[in-house]
Amino acid sequence: MPSAPLDQSSPEAGLLRAAYAAFNSRDIAAAVALMTPDVTWPRAFKGGFVRGPQEVGAYWKEQWSEIDPKVEPLVFHLEDNGHIVVEVHQLVRDLAGTALAEGRVGHCFTLEGGLIRSMEVCALPSAGSVE
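The rules we used
- Residues numbered from 1 in each chain as written.
- Predicted model: local features only at pLDDT ≥ 70, side-chain atom pairs only at ≥ 80, totals over all residues.
- Heavy atoms only, no water.
- Helix = DSSP H or I, 4+ residues; strand = E, 2+ residues; numbered from the N terminus.
- Buried < 20%, exposed > 50% of the residue type's maximum accessible area, 1.4 Å probe, protein only.
- Contact = heavy atoms within 4.5 Å.
- Salt bridge = Lys/Arg side-chain N within 4 Å of Asp/Glu carboxyl O.
- Pairing = 2+ DSSP bridges.

> Is there a simple way to explain the environment of Trp41 in this structure?
Structurally, Trp41 can be placed in strand β2 (residues 35-42). Residue Trp41 is classed as buried on the basis of its relative accessible area, which comes to 9%. It is 19 Å that separates the C-alpha atoms of Trp41 and His77, two residues lying 36 residues apart in sequence. Excluding anything up to four places from it in sequence, Trp41 contacts Met35, Gly48, Phe49, Val50, Val56, Trp60, Phe109, Ile116 and Met119.

Structure, rendered in structure tokens:
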């Protein structure tokens, strides 16, 4: 689906940056405060989806008890359908600090009323993205 770069200073980019910062600092309360009450979130580490901020928080606690993921947003793309695809650098370590996986992945967000309505792991919009 065609996309265009999203203005890095937009409220949408700010919202998503805040969500990534909260996730990386393990601040569940701050992260889920940026989500709708019926948010849908992928269980990328386990498969399937969770719904609602409480289930998202419980999934993250489970995930963090087994692995140490960090995701840094690099580029924001606005899709024609209104979704925002964030190209992230993802580094997943085991609890001893050994890198298990590293690379760029896509996260596709749907926003509603200034909050995150859903997120899915998705393909990157193009192979030639720049930081």
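> Help me out: how do you make sense of the pattern of salt bridges in this one?
Once the charged atoms of two side chains with opposite charge are near each other, the side chains can pair. Under the criterion given, the structure shown has eight salt bridges. Residue Lys70 pairs with Glu72 through a salt bridge whose shortest N-O separation is 3.7 Å.

> What should I look at first to understand the pairing of strand β7 (residues 115-122) in this one?
Side-chain positions along a regular strand alternate between the two faces of the sheet. Examined bridge by bridge, β2 and β7 share two bridges and lie parallel to one another. Opposite Met35, over in β7, you have Ile116 as the bridge partner. With seven bridges connecting them, strand β6 (residues 99-112) and β7 associate as antiparallel partners. If you follow Thr110 over to β7, its bridge partner there is Ser118. The loop that links β6 with its antiparallel partner β7 comprises two residues; one of these, Gly113, has a positive phi angle of about 60°.

Scope: geometric values only; no functional claims are made or implied.
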